[in-house]
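Fold and contact review
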Amino acid sequence: MPQPMKFFTIGPVQMRPQTLAVASRQVPYFRTNDFSYIMKETDRMLKELMGTIQASRSIWLTASGTAAMEATVMNVFTPEDKVLVISGGTFGERFVDLCRIHHIPHNVLKLAEGEALQEGHLAPYDGEAFTGMLVNVHETSTGQLYDIHMLSDFCKANKMVLVVDAISSFLCDEFCMDQYGIDVAIISSQKGLCLSPGLSVVMLNEQVVETRIQSRQVQSLYFNFKEYIQNMTRGQTPFTPAVGILLEANEMLAYLCAKGLATHLSEIRERGVYFRRLLQSLPVDIPSFPLSNALTPVFFRTAIAERIFQTLKNEMGMMVNPTGGSRGICGIRVAHVGDLILEDYKALAEGISQCLVRFAEQGAMI
Ligand SMILES: *Cc1c(COP(=O)(O)O)cnc(C)c1O
């Protein structure tokens, strides 16, 4: 691989040198007052940036985002529930799988490829006694950002608990948990937070803790939220946490709080806008549904995505995300999170342009 490699991936992302510096240090022992203090400080900053009051309860899990999704389904819902799952891609399907595995009655609102989620999609489920909704507010597999206000209004009108996987949207798009009426939000370290993978957080508002968590007997040792809530009152977790990533998080959240969330979000947005404008002069397409600031899905007009991906990676030192699904052979995804600047996007657009010229010269349809 050419060095240095630039990561335009959605996670792990291009990390800041300050994060790498933290990651290179000795990991401390954690059952100490010193570590409890750091944990509480980290927790306070996270709640501030997520737009939730300090009384909300956070479950700091040493696990990837999918484990946080699974733990959430197990702790928040029971077979007495009736859950509506928004499925617009592979992450929506993951919630469907989790409901099936954990015997949670559910209906699936499935979007067709390229289809935008609209109010009309929800109408058939209105007044149908649903008790909860599971949604990935940014469906990372397609790049679609759902209208959280529309979903929140629907849940309020139907008295449903709103569970949002914000893993690839938090710190990329506007996200105000309390203001949006979100009851449970899930985030993960390797996406918008730009940290090492392995740490996830489930944020629960007070009402959910009271009505759905405290009274439950969860059939799991590691994923029993009550234990985490109890331990967190003293700034600890029931089991050894990802101490090193927690220290990365502490440094990152302090940096973001000092920088200001609005400034950060506008930087991410600007990269996306800039890159999408550069693409206008190339023979590529971008989906018409609303996009998250986190990434830009780029579709070529023929099945050259794999070749583009390999050439960018092996010859130009630029790593992008491949795309899954039936259109995957034509598409890549370019993330706008991470320690990158506008010039990096200019170089990437030029790199893609060079690939297209070269492939055409070699006789490929582009
Ligand atoms: C990345 C991601 C996840 C979690 O994936 P892991 O590989 O388990 O970390 C979940 N939901 C969304 C929307 C994501 O983008």
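The rules behind the values
Residues numbered from 1 in each chain as written. Predicted model: local features only at pLDDT ≥ 70, side-chain atom pairs only at ≥ 80, totals over all residues. Heavy atoms only, no water. Pairing = 2+ DSSP bridges. Helix = DSSP H or I, 4+ residues; strand = E, 2+ residues; numbered from the N terminus. Axes fitted to C-alpha atoms, helices over the stretch in contact; angles between N-to-C directions. Contact = heavy atoms within 4.5 Å. Buried < 20%, exposed > 50% of the residue type's maximum accessible area, 1.4 Å probe, protein only. Polar contact = N/O pair within 3.5 Å; in protein donor to acceptor, adjacent residues only side chain to side chain. Near = heavy atom within 4 Å. Areas by Shrake-Rupley, 256 points an atom, 1.4 Å probe, with all protein chains shown as cover. Nonpolar A, V, L, I, M, F, W, Y, C, P; charged D, E, K, R; others polar. Phe/Tyr/Trp six-rings, centres within 6.5 Å; stacked < 30°, edge-to-face > 60°. Lys NZ or Arg CZ within 6 Å of the ring centre and 35° of its normal.

Moving on, we get to the sheet that holds strand S9 (residues 184–188). Read across the open sheet, the seven strands follow the order S2-S10-S9-S8-S5-S3-S4; overall the sheet is mixed. Strand pairing shows two members of the sheet lacking a second neighbour, strand S2 (57–62) and strand S4 (106–110), which therefore form its edges. Adjacent strand axes in the sheet meet at a mean angle of 15° when their direction is disregarded. Contacting S2, S9 and strand S10 (199–204), helix H2 (residues 33–50) crosses the sheet at an angle of about 115° to S2.

One open sheet accounts for four strands, arranged S11-S12-S15-S14; its pairing is antiparallel. On the outer flanks of this sheet lie strand S11 (284–285) and strand S14 (321–322), each paired with one strand and no other. Two elements, S11 and strand S12 (residues 295–300), share two bridges in a ladder whose sense is antiparallel. Following the sheet pairing, Val284 is matched in S12 by Phe300. Its contacts with the sheet place helix H11 (residues 305–316) against S12, S14 and strand S15 (331–335), and it is angled at close to 40° to S15.

Attention now goes to the environment of Ala364. The topology assignment puts Ala364 in the segment after helix H12 (342–361). The class for Ala364 is partly exposed, based on a relative accessible area of 24%. Along the backbone, Ala364 and Asp34 are 330 residues apart, and their C-alpha atoms lie at a distance of 61 Å. Leaving out residues up to four positions away in the same chain, Ala364 has contacts with Arg307 and Phe359.

Attention now goes to helix H6 (residues 148–157). Because an α-helix packs 3.6 residues into every turn, residues spaced three or four apart end up facing the same way. Where H6 is concerned, the buried positions are Ile148, Met150, Leu151, Ser152, Phe154 and Cys155. Each element contacted by the buried residues of H6 is listed here: strand S3 (83–87), helix H5 (119–122), strand S5 (132–136) and strand S8 (161–165). For H6, the N-terminal capping position is held by Asp147, with its side-chain oxygen 3.0 Å away from the main-chain nitrogen of His149. Once H6 ends, the next one or two residues include Lys159, with phi positive near 50°.

What follows deals with the site of the ligand. Among the 13 residues in the neighbourhood of the ligand, the closest are listed as Ser64, Thr66, Thr140, Asp165 and Lys191. Here a nitrogen atom of the ligand sits 2.6 Å away from a polar atom, N or O, in the side chain of Asp165. Between the ligand and Lys191, the relevant distance is 2.7 Å, taken from an oxygen atom to a side-chain nitrogen or oxygen of the residue. Within the complex, 87% of the 380 Å² of free accessible area of the ligand lies under protein. Looking at the shell around the ligand, the elements with two or more residues in it are helix H3 (65–76) and helix H4 (90–101). Considering every element that reaches the shell around the ligand, the biggest residue donor is H3, with three residues. Residues that form the shell around the ligand fall into these classes: three nonpolar, seven polar and three charged.

Turning our attention to the side chain of Arg16. Assignment of secondary structure puts Arg16 in the loop between strand S1 (6–7) and helix H1 (17–23). Polar contacts involving the side chain of Arg16 include one to the side chain of Glu251, which spans 3.0 Å. Contacts of Arg16, omitting those with residues within four sequence positions, involve Glu251, Met252, Tyr255 and Asp339.

This next bit is on the environment of Pro12. Position of Pro12 among the secondary structure elements: in the loop between S1 and H1. Between the C-alpha atom of Pro12 and that of Gly338, which follows or precedes it by 326 residues, the distance is 8.8 Å. Apart from the residues within four sequence positions on either side, Pro12 is in contact with Gln190 and Pro197.

What follows deals with the packing of aromatic side chains. Per the stated rule, a full pass over the model turns up eleven aromatic pairs. Their ring planes at 80° and their centres at 5.3 Å tell us that Phe8 and Tyr345 sit as a pair that is edge-to-face. Residue Phe8 is located in the loop between S1 and H1, and its partner Tyr345 is located in helix H12; the two are separated by 337 residues in the primary sequence. We note that Phe8, like Tyr345, is buried. A centroid spacing of 6.5 Å and a plane angle of 80° characterise the contact between Tyr222 and Tyr228, whose relative ring orientation is edge-to-face. The class of Tyr222 is partly exposed, set by a relative accessible area of 29%. The ring of Phe130 carries Lys82 above its face, with NZ or CZ at 4.4 Å from the centroid. In this structure, Arg327 packs its charged tip against the face of Phe299, placed 3.8 Å from the ring centre.

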